[in-house]
Structure formats: structure tokens, C-alpha cells
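Structure at a glance
Now for the letters of each chain:
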Amino acid sequence: MPFIHPTAIVDPAAKLAESVTVGPYCVVGPQVEAADNVELKSHVVLEGRTSVGPGTTIYPFASIGVRPQDLKYKGEDSRLEIGANVTIREHVTANPGTEGGGMLTKIGDNVLLAIGAHVAHDCFIGDGSIVMNNVLLGGHVVIGEAAVIGGGSAIHQFVRIGKHAMIGGASGVENDVIPFGTVFGNRAHLHGLNLVGMKRRGFSREDIHALRNAYKQLFSHDEGKVMADRLRAVAEQYPDSEAVRDVVAFMEADSSRAICQPAPSAGGGDAA
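Cut-offs and rules
Residues numbered from 1 in each chain as written. Predicted model: local features only at pLDDT ≥ 70, side-chain atom pairs only at ≥ 80, totals over all residues. Heavy atoms only, no water. Buried < 20%, exposed > 50% of the residue type's maximum accessible area, 1.4 Å probe, protein only. Helix = DSSP H or I, 4+ residues; strand = E, 2+ residues; numbered from the N terminus. Pairing = 2+ DSSP bridges. Salt bridge = Lys/Arg side-chain N within 4 Å of Asp/Glu carboxyl O. Core = buried A, V, L, I, M, F, W, Y, C linked by side-chain atoms within 4.5 Å. Contact = heavy atoms within 4.5 Å. Axes fitted to C-alpha atoms, helices over the stretch in contact; angles between N-to-C directions. Parallel < 35°, antiparallel > 145°, perpendicular 65-115°, else oblique. Left-handed = near helix turned anticlockwise from the far one by under 90°. Nonpolar A, V, L, I, M, F, W, Y, C, P; charged D, E, K, R; others polar. Polar contact = N/O pair within 3.5 Å; in protein donor to acceptor, adjacent residues only side chain to side chain. Patch = residues over 30% accessible without salt bridge, like charges linked within 9 Å, V, L, I, M, F, W, Y side chains within 5 Å. Areas by Shrake-Rupley, 256 points an atom, 1.4 Å probe, with all protein chains shown as cover. Lys, Arg positive; Asp, Glu negative; His and termini not counted. Charge placed at Lys NZ, Arg CZ, Asp CG, Glu CD.

This brings us to the pairing of strand β9 (residues 49-52). Burial along β9 is one-sided: T50 and V52 are buried, and none of R49 and S51, which face the opposite way, are. By the bridge criterion, 4 bridges tie β9 to strand β12 (residues 79-82) in an arrangement that is parallel. In the sheet register, V52 faces β12, and the bridge partner there is I82.

Shown next, in the form of C-alpha cells:
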């Protein structure tokens, strides 16, 4: 049987694995499912059609799976899926999906949601991503794997953040951020590539070199070509670089937001 503190309120219909721990003053709703070794520290509210993967820990005063803040939401039976080994720190809020966004909010494996982060309806957060303190994710935001969102940042609804990208603290991000890109500022502009992150994650020197050159070609204002021609050119020039292919595919995909660009004075200068 799972350990449930005497002060906790757990609906009998909730599906909790035998190794789940529910700490003091937690509230767990009837449609919740929690896998092996999930731990709710204390004062956690876990509601809605929410599934929590194995090894996930949720810290005090987090509010997970409660009704979305979308005024169009009419009580549809949408879901929130949380992966394995996720850390959800104090005062985090995460809402399920809505009919207008596919009915699902999904948080991948090995994600950190730091204190005060907000994950709105229909967001997708890729495996290994880090969302730091007091980050605000608007509805329908998509974050690729291993991205880092700096503390106090606000991500506009429908924005896509590419994998391995880094968002500087206190940034307001209105447009899509390419994979491996580094952006910061209010409003945020592209300031090069997340080379430190690429090195830490084992990307080869050849891949980093190819991506740096492709970045310069894509964002230089001296090429005299439209972006579609630049994308085609770098795809042809670096066919063996997975990192370049990721950036090209990201930029060519349909999106309701523009691509985040370098600041006008920065041009397409060297990657940082």
C-alpha cells in the first residue's frame, strides 16, 4: 500500500502505485495516476486527469492538474502527463490541455520545474529541459529537449523553443527560438548559439563548427538572399550535420510565430 499521511486527503478512486508517498496535507483527486516511487512532499494539490511518471518528486504548495486559465475551457476531459524522474519544486502550477490545443499538456522525463514556474494549458516540455524559477509559459508553448529557460522569463503563447536552446534570465520571448540558439533581452533577440551546452552534451567539434558557419550564413544581412534561399543553401552545404538539419527543419516547420532574430545592430555575427 502507498504511504499516505493521516492529514492527506486522497480520493479512493485515485490510482497510486504501492511505493507512492503522499505527505502531510496533500489533496489528490479521483482521476490521478501516480507510478512507482512518486513522492508528494506536503501541501501538494494534484487533480484532474493527471498521470505522474515513476521517480517524480513534487514539492510543497505545487498546484498540478487544476483547471486551465483559458476562459474558453468548458470542463472538457483533457489531460496532463508528467514523465519519469521529474522534479517539481515549490509553488509550481501546471494545467491540463484544452479542446483548442489537442487536450494535452505534456512534461517529458528528467525535467526540472523550479520554484514558481507556470506551465499553461497545451504546453509540451521536452526531456531533460530546465525551467527555472518564476518562468511563465503561455498556452501552447513547445520546448525541445535539453533546453534551458532562465529565471523570470516569460514565453509568449504558441512560441516554440528549439532543443538545446538557452533563454537568458528575465527575457520576454515573443518569437520562435532556433535549436541551439541563445536569446535574451526584453524583447528577446538571438545572441548566437548555446556552444557551452553543446560541448557539455558531447557534440563533436565538427558539428559545432558546421553549425557556427550555418548560423552566420542564415543570419548575416550581407548575403543578399531571402531566408528560404539561405536555408536551402546551408542544407545542401552541410548534409551530414544533424545539428544543422535540426535548425533547418525547425525554421521550415509551420508556426504561428516568427523566428527570433539577432538584434539589428548585431547582424549575424559570430556565435557566442
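Let us now look at the pattern of salt bridges. As enumerated under the stated definition, the model contains 9 salt bridges in all. Across the pair R89 and E90 runs a salt bridge whose closest N-O atoms are separated by 3.1 Å. Taking the shortest distance from any N to any O, the salt bridge between D246 and K163 comes out at 3.0 Å. Placement of the pair is D246 in helix α4 (residues 242-252) and K163 in the loop between β24 (160-161) and β25 (166-167), with a sequence separation of 83 residues. Overall, K163 belongs to the partly exposed group, its relative accessible area being 22%.

As a further point, take the sheet that holds strand β3 (residues 15-16). In a beta sheet, neighbouring strands are held together by backbone hydrogen bonds and run either parallel or antiparallel to one another. As summarised here, the arrangement of the 8 strands in space is β3-β6-β9-β12-β15-β18-β21-β24, forming an open sheet in which the pairing is parallel. Two strands lie at the open edges of the sheet, namely β3 and β24, each paired on one side alone. Two strands pair when backbone bridges link them, and strand β21 (residues 142-143) and β24 are joined in this way by 2 bridges, in the parallel orientation. Of the residues in β24, the one forming a bridge with V142 is R160.

Attention now moves to the nonpolar core. In this structure, I64, I161 and I178 are the most contacted members of the largest nonpolar core, which totals 72 residues. Sorting the residues of this core by element identifies β12, β28 (189-193), α1 (195-200), α2 (205-219), α3 (227-237) and α4 as the ones contributing at least two each. Considering every element that reaches this core, the biggest residue donor is α2, with 7 residues. In this structure, I64 is in contact with V45, L46, E47, T50, I58, L80, I82, I88, V92 and A94, ignoring residues within four places of it in sequence.

A few words now on the packing of α2 against α3. At a minimum axis distance of 9 Å, the contact between α2 and α3 shows a crossing angle of 160 degrees. With respect to each other, α2 and α3 are oriented roughly antiparallel. The handedness of the crossing between α2 and α3 is right-handed. For the pair α2 and α3, the contacting residues are A214, Q217, L218 and F219 in the first and M227, R230, L231, V234 and Q237 in the second. Residue composition of the contact of α2 with α3, by class: 6 nonpolar, 2 polar and 1 charged.

A separate point is the packing of α2 against α4. At a minimum axis distance of 8 Å, the contact between α2 and α4 shows a crossing angle of 35 degrees. Each of D207, A210, L211, A214, L218 and F219 in α2 lies in contact with α4, whose residues at this interface are E242, A243, V244, V247 and M251. Among the residues making up the contact of α2 with α4, the classes are represented as 9 nonpolar, no polar and 2 charged.

Turning to its location among the elements, H164 is positioned in the loop between β24 and β25. A polar atom in the side chain of H164 sits 3.5 Å from the side chain of R201. Leave out the neighbours within four places in its chain, and H164 touches E145, A146, A147, F180, N194, R201 and F203.

Taken together, the side chains of D109, D127, E145 and E242 define an acidic patch exposed on the protein surface. Classification of E242 as partly exposed rests on a relative accessible area of 47%.

For the rest of this paragraph, the subject is the sheet that holds strand β17 (residues 118-119). The 9 strands are arranged β2-β5-β8-β11-β14-β17-β20-β23-β26 in an open sheet whose pairing can be described as parallel. Looking at strand neighbours, the two that pair on one side only are β2 (9-10) and β26 (172-173), the edges of this open sheet. Of the pairings in the sheet, the one linking strand β20 (residues 136-137) to strand β23 (residues 154-155) comprises 2 bridges and is parallel in character. Each residue of the ladder has a partner; that of L136, found in β23, is A154.

Everything listed here is a matter of geometry and, on its own, says nothing about what the molecule does.
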